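The primary structure of each chain is shown beneath.
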Amino acid sequence: VIRNQPSKVKLIIFDFDGVLADSFNFFYPLIRDGMASIGLDLTANQYRDFFIGNVHQSFKDFINNEKKYLSFSEFRKNNYDKYYYDKKNGVRLFWGAQEFIKKLDKKYILAIVSSGHQKNIENLLKENGLTGLFNFVLANVSYAKEGMIEEVLDRSNTKAEETIMISDTVGDIMVAKKVGFKTIAVTWGFQSAGKLKKSNPDIIVKNFKDLLAKIDKLS
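Residues numbered from 1 in each chain as written. Predicted model: local features only at pLDDT ≥ 70, side-chain atom pairs only at ≥ 80, totals over all residues. Heavy atoms only, no water.

A. Structural context of the side chain of Thr183. Of note, Thr183 is situated in strand S7 (residues 182–186). Apart from residues no more than four positions distant in its own chain, Thr183 is found in contact with Met165, Ile173, Ala176, Lys177, Asn200, Pro201, Asp202 and Ile203. (Helix = DSSP H or I, 4+ residues; strand = E, 2+ residues; numbered from the N terminus. Contact = heavy atoms within 4.5 Å.)

B. How the structure looks around the nonpolar core. Counting residues in each nonpolar core, the largest one holds 57 residues, and the members touching the most others are Phe14, Phe16, Leu20, Tyr47, Ile166, Leu211 and Ile215. Looking at this core element by element, the count peaks at seven residues for helix H1 (residues 24–36). Among residues more than four places away in sequence, those in contact with Phe14 are Val19, Leu20, Phe100, Ile101, Leu104, Leu110, Ala111, Ile112, Val113, Phe134 and Ile166. (Core = buried A, V, L, I, M, F, W, Y, C linked by side-chain atoms within 4.5 Å. Buried < 20%, exposed > 50% of the residue type's maximum accessible area, 1.4 Å probe, protein only.)

C. Structural detail: the environment of Leu218. Summarising the element assignment, Leu218 is placed in helix H10 (residues 208–218). Distance from Leu218 to Asn157, taken between C-alpha atoms, is 20 Å for residues 61 residues apart in sequence.

D. How the structure looks around the packing of aromatic side chains. Per the stated rule, a full pass over the model turns up 23 aromatic pairs. Seen in terms of ring centroids, Phe24 and Tyr28 are 5.8 Å apart; in terms of plane orientation they differ by 10°. Their pairing is stacked. Placement of both Phe24 and Tyr28 in helix H1 is noted, with a separation of four residues, approximately one turn of the helix. In this structure Phe24 comes out as buried when scored by relative accessible area, which is 11%. Taking the centre distance of 6.1 Å and the plane angle of 35° together, the rings of Tyr28 and Tyr47 count as tilted. Of this pair, Tyr28 sits in helix H1 while Tyr47 sits in helix H2 (residues 44–49), placing them 19 residues apart in sequence. Note on Tyr28: relative accessible area 14%, which makes it buried. Given the relative accessible area of 1%, Tyr47 is considered buried. Taking the ring centre of Tyr28 as reference, the NZ or CZ of Arg32 above it sits at 5.4 Å. (Phe/Tyr/Trp six-rings, centres within 6.5 Å; stacked < 30°, edge-to-face > 60°. Lys NZ or Arg CZ within 6 Å of the ring centre and 35° of its normal.)

E. Summary view of the sheet that holds strand S4 (residues 109–114). Pairing is parallel in the open sheet, where six strands are placed in the order S5-S4-S1-S6-S7-S8. Lying at the two open borders of the sheet, with one neighbouring strand each, are strand S5 (136–139) and strand S8 (203–205). With strand direction ignored, the average angle separating the axes of adjacent strands in the sheet is 20°. Of the strands in this sheet, strand S1 (11–14) and S4 touch helix H5 (residues 97–104), which is tilted by about 160° from S1. (Pairing = 2+ DSSP bridges. Axes fitted to C-alpha atoms, helices over the stretch in contact; angles between N-to-C directions.)

F. Local environment of the pairing of S4. In terms of residue burial, S4 counts as a mostly covered element, since five of its six residues are buried. Pairing between S1 and S4: four bridges, direction parallel. Counterpart to Ile12 in the pairing with S4 is Leu110. Sheet analysis places S4 next to S5, joined by four bridges and oriented parallel. Residue Val113 lies in a different strand from S5, and its bridge partner there is Leu138. Once the chain exits S4 it traverses helix H6 (residues 118–127) before rejoining the sheet at S5, and the crossover so formed is right-handed. (Right-handed = clockwise from strand over helix to strand, strands pointing away.)

See the structure below:
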């Protein structure tokens, strides 16, 4: 009997923030201050929980007022770059991310799918000598990740079963599993290992060395 062999991994899709970029200390103050501008308090743990589902829907549900939501969105838009490039808490790549990406570059199609700003991501990649290593960088602050993922699959001519999604949030892992991706959750980002386990990723890793080994294992 000839059995179908499991598909070899061709494409790796990364969430950016919390996986490659150490950005919690940028995003939380931005969102906290945005909520404060409309009279709402937001703790760090509440913010982390927004990523159990769709983060944009979580904002809407938390605010629960259309006029205030629009005000919050305006604050976020107007202050995004000021917080992103802050000298003390501005976004950097995690230590080891640069070397890790360079090791993957020759073996896989690499993509970033993010709910951040495309130009900021591209600037950070350029600063770290990673321009051109990602075949696709799709980022949009208001567009659902499902749509961006489908676009990457279509443009790369890759099947879901040939793809690994790497993220630090339950919401992303659940979306990836629904599409049929292999999934790896990382514990150094926005959500804890305990929370991530609830989304049943194929693998949970705690550092880039472990991540590299597990990618090879899934391949």
